[in-house]
Amino acid sequence: MVILQQGDYVWLDLKTGREFEVPLGAVVKLCDSGQIQVVDDEGNEHWISPQNATNIKPMHPTSVHGVEDMIRLGDLNEAGILRNLLIRYRDRLIYTNCGSRTYTGSILVAVNPYQLLPIYTAEQIRYYTNRKIGEMPPHIFAIADNCYFNMQRNNRDQCCIISGESGAGKTESTKLILQFLAAISGQHSWIEQQVLEANPILEAFGNAKTIRNDNSSRFGKYIDIHFNKRGAIEGAKIEQYLLEKSRVCRQANGERNYHIFYCMLMGMSPEQKKKLGLGKPTDYTYLTMGKCTFCDGRDDSKEYANIRSAMKVLMFTDTENGEISKLMAAILHMGNLSYEPRMYDNLDSCEVVYSGQLLTAATLLEVDCLDLQNCLTSRTIITRGETVSTPLNMVQALDVRDAFVKGIYGRLFVWIVEKINAAIYKPPSREPKTVRRSIGLLDIFGFENFHANSFEQLCINFANENLQQFFVRHVFKLEQEEYNLENINWQHIEFTDNQDALDMIALKPMNIISLIDEESKFPKGTDTTMLNKLNSQHKLNAYYIPPKNNYETQFGISHFAGIVYYETKGFLEKNRDTLHGDIIQLVHSSKNKFIKQIFQADVAMFPVALVTPLSAPFSFLQGAETRKRSPTLSSQFKRSLELLMRTLGVCQPFFVRCIKPNEYKKSMLFDRELCVRQLRYSGMMETIRIRRAGYPIRYTFVEFVDRYRVLMPGVKPAYKQGDLRGTCQRIAEAFLGRVDDWQIGKTKIFLKDHHDMMLEVERDKAITDKVILIQKVVRGFKDRSNFVKMRKSVMLIQRYWRGYRCRKRFSAMRLGFCRLQALHRSRKLFTQYHFARKRIILFQARCRGYLVRRAFRHRLWAVITIQASVRAMIARRLYKRLKGEYHRRLEAEKMRLAEEMRLSKEMSSKKAKEQAERTHQERLAQLAREDAAREIGERKEARRKKEMLQQLEKARNEPVNDSEMVDKMFGFLGVPSVVPGHEGQPPAGFEDLERSPRPMDEEDLDASLPLPEEEEEDLSEYKFAKFAATYFQGTTTHTYIRRPLKVPLLFHDDEGDQLASLAVWITILRFMGDLPEPKYHTAISDGSEKIPVMTKIYETLGKKTYKRELQALQGDAEVRPRWPIKIGKNFPPEPSRG
């Protein structure tokens, strides 16, 4: 049982059961009335009966008034650290050490004061410059000074890892360290000014006002500052990680977009704004989603002037500034575009309402207004070499617009960082004697665990897992070094290692990142299939938490700071982070060189696009099929993180853990649970656990003897001792035992937590016994002398005190019941809300399912109708051709019979029949010879055409000289002609138009096939070459080619007619022997007539099919039956596009 006295400090555990609740510090006010009255750190009183005193524990003296270095805390636990931070925060001491006194591998905890403190002046910089660590109170300048002088003394690169939640003060800490390093380098050069001026630009384009922070960094950055051998800054390099691009399109209530938009609108001159078509911030949708356009304490107009000044310092030209402003203005105008729903072929579609915003955005982007409108309302899909333009509904169109805007802003931010690096980065000298060292500042996002966590949280927490692994190993290494310096015997210290979690996330084969990347590369990959792969691969891993059932779409990971559940909806789309081909083609068609420059990497993924105008989308999209696969967002982030960890691995690290005291951005308000959560997620508790696994309690011999000599009577004070080490060993052996796990080093004694507790308990008992003896005598004398005098006073005091206590308890009970009622009502409303929400979600799911099924049935009906029409059209054409053949054969037979009848009049019937048969056979033989001769001539002509095509292909691949092309096409304009406006020589193929008309040779039309009846235009005056040059598509000429066509010869509106035209040409090639017949060609009797016509067409047009057949049947001249064609069963018909 703990004996308490008035004025003692204790730990009070309220045992509320909340996740982030820890014991409070309290002071004993009264303990003589049968109950113990304590007042906690928040000023609340608590009455505790002796029977319930188990939730009270004595407080170590180091936790009473706080310490500068928390490793000196006797109560090295969550409650001790939290109370130490609280005490110092109330005293406006926002910095606290959590490491050794030498700051070797020091951990500095910084609590955001939310107010300006006079501790960052030039005098403070001089105060902390070149001082030994431990002499001065904890400060961010002490960390920076130690980084700088360790770099010079040890000739080793340094790094400072600054982490914490949004609003904890990471950005300000980074700026303070930069300010200190620039001040103590002593050069005050131009490059130092450039490094400092990079911050305003990065903050303008990468920071925004959030609910938690008025200047929140929405990206991570690593600033590597380079120093020469004299210690002067000679350059720097900035790496950025994971910009929050979605903020450009949407913000939560009470938040703003990025600062640059408001600064630009408030700081530009009226002439500049008029040129860009800009107005006030309240005029733009992208700036008013959070219903907040102003930020207290920020002057956007003044900030814009600072940004422009910083850009000049960093060598941004006026042209580049103008192009940046144009892109920013275009983003704002695109955000104001409005859409109207439409129906197109029974499909939901939409169109952009034509307005000045659309025209202004197209003008700023320097693209065609119609192309921009089409790009935002439709998408081109490639199927079997053909392109299909599908309309987008309202939701899809808005997503495409937002994706385009985010793509512009994200690539613009990357370009700005590269531009800054081009100004401040100086490549290292190649001279062997040149030495350059660096100090890296890592301003990275802290661990995140929200109500709904997505892909961004996975990347952020993956980065924190790597930093935690780096932190744990480094801190543990320092522990080992101190044990070696003290020459103590020790074994390996077990500690929780998050390496297994890192292996599961990104290191081992089939890890989570690789599985997400693999699924992102599949065209049909979905978030559901990705989750199934993760479950099947990692369900037995202790760090992976699979969904409870098949309907859940989230999985969990046991991180070092706790379990986080990730919602997989949208994972793959965010990971791909790509723009579809229509947007890239629109960018390529722009006349703005700047936007092409920032999209250069994306345009490079489309090699054909570089030579294809926007008016030829088919050729461009054919090239898009060979598009290089762009790296996913997770692979880029993983690669950047690996480079970062390698950089940190060769540096001597320092850690700054920024803590946000409250969510309201108010000074002197300390939210205990919020701070506990941050301490856990930042890994501070892991540090405590590691130190507990070793020897967290360390006393010098002088401190140990002075504190615990009371346990052994006769021990003198430390300053009178000759053998301090022997005295410490005797005390420890007497009360801790000889074989227990405690050790004595050269200058310190190392204890476990329980050893310190045992010694403290024994010390309390020894002191208590002596105090009780003294008190007994003094109290007896005092009580006997004052008993009569005090009895009346005590009775009066008791009467008033009991009345006061009853009133106090009544007030507390009434307040408690009011709070209980409020909690009950809130729980009831909470349950009702979730029940109603679950019903609404179920109803929405049913409605959406019904709408999808109805749309599917309608689309299936449309597909069947189109297939039936195409099959009927092909059947009619086949019937017409067979009918013509039949009539020609019948005419030939009639001619034989007529000749036989004519000869029968001149000779006998038998001879007449033989003569007619002989003549018929000779005629057939003559026709066969003519066919053979014509076939030989056609083969020669085909070879000639093939050579000509090869020459044309070679000429097409050669670079085109625009002047020669113009002279070749329009050189005839220089020669006078009779017809006005037709001067000069005619182009190739049209020479005969200049000559006098010649009479047409008479031809026997009965011997040739009749022209189609539906032909509307009289082509009798045209030669075939002229007809081909006039009407044929693409580069096709009148000459015969021996390969399949990519597009029909003539233009057809109907897609079925296009497919039929291509099928007819392939049939002609097979008939002429230039294309082999299918290997699976069989007779009619095998039932091939039952194969659908659309299947035949698609198999005839399939690139893979005829390429495979052509390779297998090259040189085979055998003529096989043309109809019908049996399509292989391994190639099912493609569904109609609808």
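Procedures and definitions
Residues numbered from 1 in each chain as written. Predicted model: local features only at pLDDT ≥ 70, side-chain atom pairs only at ≥ 80, totals over all residues. Heavy atoms only, no water. Axes fitted to C-alpha atoms, helices over the stretch in contact; angles between N-to-C directions. Helix = DSSP H or I, 4+ residues; strand = E, 2+ residues; numbered from the N terminus. Left-handed = near helix turned anticlockwise from the far one by under 90°. Contact = heavy atoms within 4.5 Å. Nonpolar A, V, L, I, M, F, W, Y, C, P; charged D, E, K, R; others polar. Pairing = 2+ DSSP bridges. Salt bridge = Lys/Arg side-chain N within 4 Å of Asp/Glu carboxyl O. Buried < 20%, exposed > 50% of the residue type's maximum accessible area, 1.4 Å probe, protein only.

A. Local environment of the packing of helix H17 (residues 512–521) against helix H18 (residues 527–538). Remark: H17 packs on H18, axes separated minimally by 10 Å, with the N-to-C direction vectors making an angle of 145 degrees. Along this stretch, H17 crosses H18, giving a crossing that reads as right-handed. The residues of H18 that touch H17, namely those facing Ile 512, Leu 515, Ile 516, Glu 518 and Glu 519, are Thr 529, Met 530, Lys 533, Leu 534, Gln 537 and His 538. Of the residues assigned to the contact of H17 with H18, the class counts are 5 nonpolar, 3 polar and 3 charged.

B. The arrangement of the sheet that holds strand S24 (residues 748–751) in detail. Reading across the sheet, the 3 strands line up as S22-S24-S23 and stay open at both edges, with antiparallel pairing between neighbours. For this open sheet the edge positions go to strand S22 (697–700) and strand S23 (743–744), each flanked by a neighbour on one side alone. Across the sheet, helix H27 (residues 701–708) is in contact with S22, S23 and S24; its angle to S22 comes to roughly 95 degrees.

C. Here's a closer look at the pattern of salt bridges. For the coordinates displayed, the defined rule picks out 36 salt bridges. For Lys 221, the salt bridge goes to Asp 443, with nearest N and O atoms at 3.0 Å. Separated by 222 residues along the polypeptide, Lys 221 in strand S11 (residues 220–227) and Asp 443 in strand S17 (residues 437–443) bring together distant segments of the chain. For Lys 221, a relative accessible area of 3% corresponds to the buried category. Of the charged contacts, one joins Arg 677 and Glu 663 as a salt bridge, the two residues approaching to 3.9 Å between their closest N and O atoms. Taken together, the residues Arg 677 in helix H25 (residues 672–681) and Glu 663 in the loop between strand S21 (652–659) and H25 connect sequence positions 14 residues apart. Exposure remark for Arg 677: the relative accessible area of 17% places this residue in the buried category.

D. Local environment of the pairing of strand S19 (residues 554–559). One ladder, built from 2 bridges, connects strand S18 (residues 544–545) with S19; its direction is antiparallel. Along S19, the bridge assignment pairs Tyr 544 with Ile 557. Judged from the 6 bridges that link them, S19 and strand S20 (residues 562–567) form a sheet pairing that is antiparallel. When the sheet's bridge partners are listed, Ile 557 is paired in S20 with Val 564. If you look at the hairpin formed by S19 and S20, you'll find 2 residues sitting between the two strands.

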